Amino acid sequence: MRTRPLKVALLGCGVVGSEVARIMTTHADDLTARIGAPVELAGVAVRRPSKVREGIDPALVTTDATALLKRGDIDVVIEVIGGIEPARTLITTAFENGASVVSANKALLAQDGAALHAAAEQHGLDLYYEAAVAGAIPLVRPMRESLAGDKINRVMGIVNGTTNFILDKMDSTGAGYQEALDEATALGYAEADPTADVEGYDAAAKAAILAGIAFHTRVRLDDVYREGMTEVSASDFASAKRMGCTIKLLAILERAADGESVTARVHPAMIPLTHPLASVREAYNAVFVEAEAAGRLMFYGPGAGGSPTASAVLGDLVAVCRNKLAEATGPGESAYTQLPVSPMGDVVTRYHISLDVADKPGVLAQVATTFAEHGVSIDTVRQQGKDGEASLVVVTHRAPDAALSGTVEALRKLDTVRGVASIMRVEGE
Ligand code: NDP
Ligand code: HSE
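Conventions we followed
- Residues numbered from 1 in each chain as written.
- Chains lettered and ligands numbered in written order.
- Predicted model: local features only at pLDDT ≥ 70, side-chain atom pairs only at ≥ 80, totals over all residues.
- Heavy atoms only, no water.
- Pairing = 2+ DSSP bridges.
- Helix = DSSP H or I, 4+ residues; strand = E, 2+ residues; numbered from the N terminus.
- Contact = heavy atoms within 4.5 Å.
- Axes fitted to C-alpha atoms, helices over the stretch in contact; angles between N-to-C directions.
- Near = heavy atom within 4 Å.
- Polar contact = N/O pair within 3.5 Å; in protein donor to acceptor, adjacent residues only side chain to side chain.
- Domains from an automatic or database assignment.
- Buried area = accessible area lost by both parts, 1.4 Å probe.
- Salt bridge = Lys/Arg side-chain N within 4 Å of Asp/Glu carboxyl O.
- Buried < 20%, exposed > 50% of the residue type's maximum accessible area, 1.4 Å probe, protein only.
- Areas by Shrake-Rupley, 256 points an atom, 1.4 Å probe, with all protein chains shown as cover.
- Nonpolar A, V, L, I, M, F, W, Y, C, P; charged D, E, K, R; others polar.

**Focus on the sheet that holds strand E6 (residues 127–128)**
Part 1 of the argument: With respect to topology, 6 strands assemble into an open sheet ordered E3-E2-E1-E4-E5-E6, the strand pairing being parallel. Taken across any chain shown, the strands that pair with only one partner, and hence form the sheet edges, are strand E3 (61–62) and E6.
Part 2 of the argument: Of the strand pairs in this sheet, strand E2 (residues 39–45) and E3 are connected by 2 bridges, and their pairing is parallel. Residue pairing for E3: valine 44 is matched across the bridge by valine 61.
Part 3 of the argument: Its contacts with the sheet put helix H12 (residues 306–325) on strand E1 (6–11), E2, strand E4 (76–79), strand E5 (100–103) and E6, and the angle it makes with E5 is roughly 170 degrees.

**Describing the site of ligand 2**
Part 1 of the argument: Inspection of the region around ligand 2 gives Lys106, Asn160, Gly161, Thr162, Tyr189, Ala190, Glu191, Asp197, Asp202, Lys206, Gly303 and Ala304 as its neighbouring residues.
Part 2 of the argument: Between ligand 2 and the protein, one listed contact pairs an oxygen atom with a side-chain N or O atom of threonine 162 at 2.6 Å.
Part 3 of the argument: Between ligand 2 and the protein, one listed contact pairs a nitrogen atom with a side-chain N or O atom of glutamate 191 at 2.7 Å.
Part 4 of the argument: If you list the elements that add at least two residues to the shell around ligand 2, you get helix H7 (161–172) and helix H10 (201–215).

**Notes on the domain arrangement of the chain**
Part 1 of the argument: Each assigned domain of the chain is listed with its residue range as follows: domain 1 (6–134 + 307–326), domain 2 (140–302) and domain 3 (345–426).
Part 2 of the argument: Taking only C-alpha atoms, the centre of domain 2 and the centre of domain 3 are 26 Å apart.
Part 3 of the argument: Listed per partner, the contact involves 14 residues of domain 2 and 10 residues of domain 3.
Part 4 of the argument: Of the roughly 1000 Å² buried at the junction of domain 2 and domain 3 (both faces included), carbon and sulfur atoms supply 63%.

**Some remarks on the pattern of salt bridges**
Part 1 of the argument: If you walk through the whole model with that rule in mind, you get 22 salt bridges.
Part 2 of the argument: Here glutamate 19 and arginine 22 are joined by a salt bridge, their closest N and O atoms 2.7 Å apart. A residue pair is termed a helical-turn pair when its members lie 3 or 4 positions apart in one helix, as glutamate 19 and arginine 22 do in helix H1 (residues 15–26) at 3 residues.
Part 3 of the argument: The class of arginine 22 is partly exposed, set by a relative accessible area of 40%.
Part 4 of the argument: Across the pair lysine 106 and glutamate 191 runs a salt bridge whose closest N-O atoms are separated by 3.1 Å. Within this pair, whereas lysine 106 is found in helix H5 (residues 106–122), its partner glutamate 191 is found in the loop between helix H8 (177–186) and helix H9 (195–198), the two being separated by 85 residues in sequence.
Part 5 of the argument: Judged by relative accessible area, which is 12%, lysine 106 ranks as buried.
Part 6 of the argument: The exposure class assigned to glutamate 191 is partly exposed, which follows from its relative accessible area of 26%.
Part 7 of the argument: Connected through salt bridges with shared partners, the residues Arg154, Glu254, Arg265, Glu290, Arg296 and Glu427 form a single ionic network.

**A word on the site of ligand 1**
Part 1 of the argument: Ligand 1 sits among 24 residues. The nearest are Cys13, Arg48, Lys106, Glu191 and Gly305.
Part 2 of the argument: Arginine 48 is positioned with one of its backbone polar atoms (N or O) 2.6 Å from an oxygen atom of ligand 1.
Part 3 of the argument: In the model, an oxygen atom of ligand 1 is placed 2.7 Å from a nitrogen or oxygen of the glutamate 191 side chain.
Part 4 of the argument: Protein chains shield 87% of the accessible area of ligand 1, which is 900 Å² for the free molecule.
Part 5 of the argument: A class-by-class count of the residues in the shell around ligand 1 yields 12 nonpolar, 7 polar and 5 charged.

What follows is the structure, encoded as structure tokens:
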């Protein structure tokens, strides 16, 4: 057992960082035994130095993160500030000064993961980021390491705790969107700017990271098709219930049947109540991974919050410290396939479309013809009429997204179609 401690710089001491510091202190002996050397918190960089931080020695707190990284004795940097800058520059500075990095920053990894991996590799150091995707759930390392000998063809899951919390509350208690978002924020689940959660950017960043790992290619945030959940309404939940479904914000990553391209998307979708993802409540996450040899795997657990996320950060800390002692590094980026990311129009799935139409003879035939003209086959139609107006709900068979978009565009031009009330994809059947 080495007695000289490995020195850790903690960048950020908010919801996640404060829990990382707490567990590092309370579990110090276990961490020492598991790593084979003590770990010492050598400095904590924050924005507001005068804020009282329970369990943190005020002498360790600094606003000068760069000076902390450059002092020359830091072995591992834990970056839990979030956002692009200064996190990106600080991580680069950490590598330049010989420190491996553990980060929970999905926004940065989705945008600049390739450059950061290259910097880590150039300096012979580690970049670990289990906490960046799905909170406490061990997912990144199982996919990067345990499934490295298999071929992953599809990943589908709930990867944002805040939006799952909101959708679950709207569905199960009838809570309003804002009320549920406020509660998720108070519980520490939401991003500093919750727009990242509700507009799907956070899930899209996680989708980009997972797609890169799953398909051994580079997928950036901009490659991921994204729709948030702010438009999901009580009437969408009522429609979903009538179909025996609920609504979840899903991340879906697929390898094309010919294996020559991939797709990555995040959007709300109806899923059957019998599907395991339908029973994922509150801020929990769950991810299905379909691999050629392994078959279907499901990963489930708390997807957000200080303590669950700190668990994933500390798991990485132990791994990175062990690597340091062994003078080795873990796996770097694996992007050798260079598969292109196809546009959303190429995605094939089912759709639930609600139309407000005139309640008169021939309307149903006109609508059905429009679907047929665009090659979209109808599975079921339900019509409810009242006072000359009717609501028409069409559920399609599987069709390319481009064909569905063309259909909707044409439907909007029909005199008898007063409006397209909602369009939602149907998954998991
Ligand atoms: P918080 O906003 O709670 O904490 C951010 C911390 O960074 C604060 O301590 C803040 O200082 C510090 N900080 C901000 N700017 C600077 C700066 N320029 N220099 C030094 N320190 C700075 O965020 P979270 O803890 O919730 O999230 C941190 C990261 O973890 C993000 O990347 C997030 O996406 C990720 N994450 C969060 C999860 C969660 O459930 N919250 C789950 C999984 C990942 P001060 O305290 O003085 O304001
Ligand atoms: N805001 C994120 C979420 C934190 O709600 O999932 C976990 O990454």
